[in-house]
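So you can see what is in the structure, the chains are spelled out below.
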Amino acid sequence: MHTHWILGPGAIGRLLAHSLTPFVDVAVIGRRALPARQLLTTPEGEVHAQHLTSLTAEQLAADAPVPPAFVHITTKAMAAETALESLISIIAPSTPLVLWQNGFYAQPLITQTWPGPVLCATTTEGAYLTGDDGVVHAGRGHTYVGDLNNQHSKLAETLAKTLTQAGLAATAVDDIRQRLWQKLAVNAAINPLVALHGVRNGELRGDGFVNQVVAVVKEVASIMLAESIQPPNNGQGEEAWLALVWQVIESTANNKASMLQDVEAKRPTERGAILGPLIESAERHGLGCEVLQGLDDELAVLEASF
Ligand code: KPL
């Protein structure tokens, strides 16, 4: 029986744990253990109770555990590296990691520093927590897995097969870098604006915001071109990016974006993983990024007030 450790008991971590538990041996690792009896509400509204193994890193270390086949890191982007450090003395350096973070911060960092295989996953599965013992699988999506240097395609295929068997449709891909940046582009156009203005995604369609969305996408599109990231849906440049952003705004109109949820909970945002790589890239390529920099500065001021 393969062992999957899930480091970070947030919504995606718990959705993974619920889905994988009937098929593989799973341990959820967090700063504190969760109640053993956990509830999953399916997209169809059914509620399933399941016992999940939940431990702290200290408890795991004391147990002399079976080496894991995969360690999934499902923390926020800026917390992934520190979370991994908590397992350094427990897992072999050859252990395969799977990074589920938004943006493009944790992925290159950990790929460069971890000696073993590092897979990256990007998912459109929708999930949110309802407390210490509940997660809602709000909408089914698709997960893509691959590694940044295309050296572990077999491993990505094995993982995609396991996820699919567990009910989370997944595909192994050889262009995960493109996919991570494409998601980052959409996140950059939506998340900072809704977080700063305290609005749901759909409100960006209003007169007060349209020009701001267009201004962000203009800078993002030129950065994507410099990074050789293909515009979505076989489209051309800025127009294709803008079309995708409006499409996501439409389909997630009622959502409170993750960055808005962080701001409301007075948690640090993922600006460093979303705006950070864009600003760094713009500087490297000599491109203007005043709008992105302005959003990052405003978010920094807001975070400092928490
Ligand atoms: O992924 C998202 C997020 O909330 O982080 C978007 C696409 C903005 C949808 O809410």
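Every value quoted in this text rests on a predicted model; they were computed, and no experiment measured them. (Residues numbered from 1 in each chain as written. Predicted model: local features only at pLDDT ≥ 70, side-chain atom pairs only at ≥ 80, totals over all residues. Heavy atoms only, no water.)

K.L.:
Explain the overall build of the protein chain residue by residue, including any values.
P.N.:
When helices and strands are tallied, the protein chain shows 11 helices and 12 strands. For 306 residues, the compact-globule formula gives about 19 Å, and the C-alpha radius of gyration of the protein chain, at 19 Å, lands near that figure. Expressed as lengths along the three principal axes of its C-alpha atoms, the size of the protein chain is roughly 55 × 40 × 35 Å. The 306 residues of the protein chain split such that 49% are buried. Across the protein chain, the fraction of contacts at a sequence separation of at least 24, relative to all contacts at a separation of at least 6, is 66%. Per element, the accessible surface of the protein chain, about 14000 Å² overall, is 52% carbon and sulfur. Taken as two groups, the 19 positive and 31 negative side-chain charges of the protein chain have centres that lie 5 Å from each other. (Helix = DSSP H or I, 4+ residues; strand = E, 2+ residues; numbered from the N terminus. Rg over C-alpha atoms; globule rule 2.2 N^0.38 Å. Buried < 20%, exposed > 50% of the residue type's maximum accessible area, 1.4 Å probe, protein only. Contact = heavy atoms within 4.5 Å. Areas by Shrake-Rupley, 256 points an atom, 1.4 Å probe, with all protein chains shown as cover. Lys, Arg positive; Asp, Glu negative; His and termini not counted. Charge placed at Lys NZ, Arg CZ, Asp CG, Glu CD.)

K.L.:
Could you give an account of the sheet that holds strand S12 (residues 170-172), naming the residues involved and the relevant values?
P.N.:
In any sheet, the strands associate via hydrogen bonds between backbone groups, in a parallel or an antiparallel arrangement. Spatially, eight strands are ordered S5-S2-S1-S6-S7-S8-S11-S12 in an open sheet, and the strand pairing comes out mixed. Sheet topology places strand S5 (54-55) and S12 at the edges, where each strand pairs with a single neighbour. Pairing geometry for strand S2 (residues 25-29) and S5, over two bridges, is parallel. Bridging from a neighbouring strand, valine 28 pairs with serine 54 of S5. (Pairing = 2+ DSSP bridges.)

K.L.:
Explain the layout of surface pockets to me, using residue names and the numbers behind them.
P.N.:
If a probe the size of a water molecule is rolled over the atoms, the empty space left behind becomes visible. As a volume, the second largest pocket reaches approximately 200 Å³. In terms of lining, the second largest pocket is formed by 14 residues, of which the most central are Ser19, Leu40, Thr42, Arg140 and Ala166. Taken together, the elements giving at least two residues each to the lining of the second largest pocket come down to helix H1 (11-20) and strand S4 (47-51). Here the lining of the second largest pocket is built from residues that sort into six nonpolar, seven polar and one charged. (1 Å grid on protein atoms, 1.4 Å probe; cavity = no way out; pocket = protein on both sides within 12 Å on 5 of 7 lines; lining within 4 Å. Points joined across faces, edges and corners; volume = space filled by probe spheres on them. Nonpolar A, V, L, I, M, F, W, Y, C, P; charged D, E, K, R; others polar.)

K.L.:
Could you give an account of the UniProt feature "domain: Ketopantoate reductase N-terminal" (unreviewed entry) in the protein chain, naming the residues involved and the relevant values?
P.N.:
The UniProt entry lists residues 6-149 under the feature "domain: Ketopantoate reductase N-terminal" (unreviewed entry), expressed in the numbering used here. Across residues 6-149 one finds 21% helix and 33% strand; the C-alpha atoms that close the span lie 23 Å apart. (UniProt positions renumbered as here; feature names shortened; annotations may be inferred.)

K.L.:
Account for the pattern of salt bridges, naming residues and giving values.
P.N.:
Inspection of every chain in the model, using the stated rule, returns 13 salt bridges. Of the charged contacts, one joins aspartate 175 and arginine 179 as a salt bridge, the two residues approaching to 2.8 Å between their closest N and O atoms. Look at aspartate 175 and you get partly exposed, because its relative accessible area is 27%. Salt-bridge contacts for lysine 256 lead to glutamate 264; the nearest nitrogen and oxygen are separated by 3.0 Å. Salt bridges sharing partners connect three or more residues here, namely Arg177, Glu227, Glu280 and Arg284. (Salt bridge = Lys/Arg side-chain N within 4 Å of Asp/Glu carboxyl O.)

K.L.:
Which residues make up the packing of helix H7 (residues 207-226) against helix H8 (residues 237-251), and what values do they have?
P.N.:
Running from N to C, H7 and H8 point in directions that differ by 130°, and their axes come no closer than 9 Å. Here H8 runs oblique to H7, going by the angle between their axes. As H7 packs across H8, the resulting crossing turns out to be right-handed. Counting all contacts with H7, which are made through Val210, Val213, Val214, Val217, Lys218, Ala221 and Met224, the residues of H8 involved are Glu238, Trp241, Leu242, Val245 and Trp246. Partitioned by chemical class, the residues of the contact of H7 with H8 number 10 nonpolar, no polar and two charged. (Axes fitted to C-alpha atoms, helices over the stretch in contact; angles between N-to-C directions. Parallel < 35°, antiparallel > 145°, perpendicular 65-115°, else oblique. Left-handed = near helix turned anticlockwise from the far one by under 90°.)

K.L.:
Tell me about the environment of histidine 137, and name the residues and values.
P.N.:
Among the secondary structure elements, histidine 137 is positioned in strand S10 (residues 134-139). On a C-alpha basis, the gap between histidine 137 and leucine 15 in space is 6.9 Å, while along the polypeptide they are 122 residues apart. When near neighbours in sequence (up to four residues on either side) are disregarded, histidine 137 contacts Leu15, Leu40, Thr41, Thr42, Pro43, Glu125, Gly126 and Leu168. In this structure the side chain of histidine 137 is engaged in a polar contact, spanning 3.5 Å, whose partner is the backbone oxygen of glycine 139. (Polar contact = N/O pair within 3.5 Å; in protein donor to acceptor, adjacent residues only side chain to side chain.)

K.L.:
Describe the nonpolar core, and please don't skip the residues or the numbers.
P.N.:
The biggest cluster of nonpolar side chains holds 44 residues, and the ones touching the most others in it are Leu204, Val220, Met224, Leu278 and Leu292. The set of elements that each furnish at least two residues to this core consists of helix H6 (176-197), H7, H8, helix H9 (258-264), helix H10 (271-284) and helix H11 (290-304). Among the elements that take part in this core, H6 stands out by supplying 12 residues, more than any other. Among the domains, domain 1 (3-174) and domain 2 (177-304) are the pair contributing at least three residues each to this core. In contact with valine 220, other than residues within four places in its own chain, are Ala185, Ala188, Leu278 and Leu292. Of all hydrophobic cores here, the second largest spans 25 residues; its members include Ala17, Leu40, Phe70 and Leu163. (Core = buried A, V, L, I, M, F, W, Y, C linked by side-chain atoms within 4.5 Å. Domains from an automatic or database assignment.)

K.L.:
So what about the UniProt feature "domain: Ketopantoate reductase C-terminal" (unreviewed entry) in the protein chain? Which residues, and what values?
P.N.:
In this numbering, the UniProt entry assigns the feature "domain: Ketopantoate reductase C-terminal" (unreviewed entry) to residues 175-295. The span residues 175-295 carries 69% helix and 0% strand; its end-to-end C-alpha distance comes to 29 Å.

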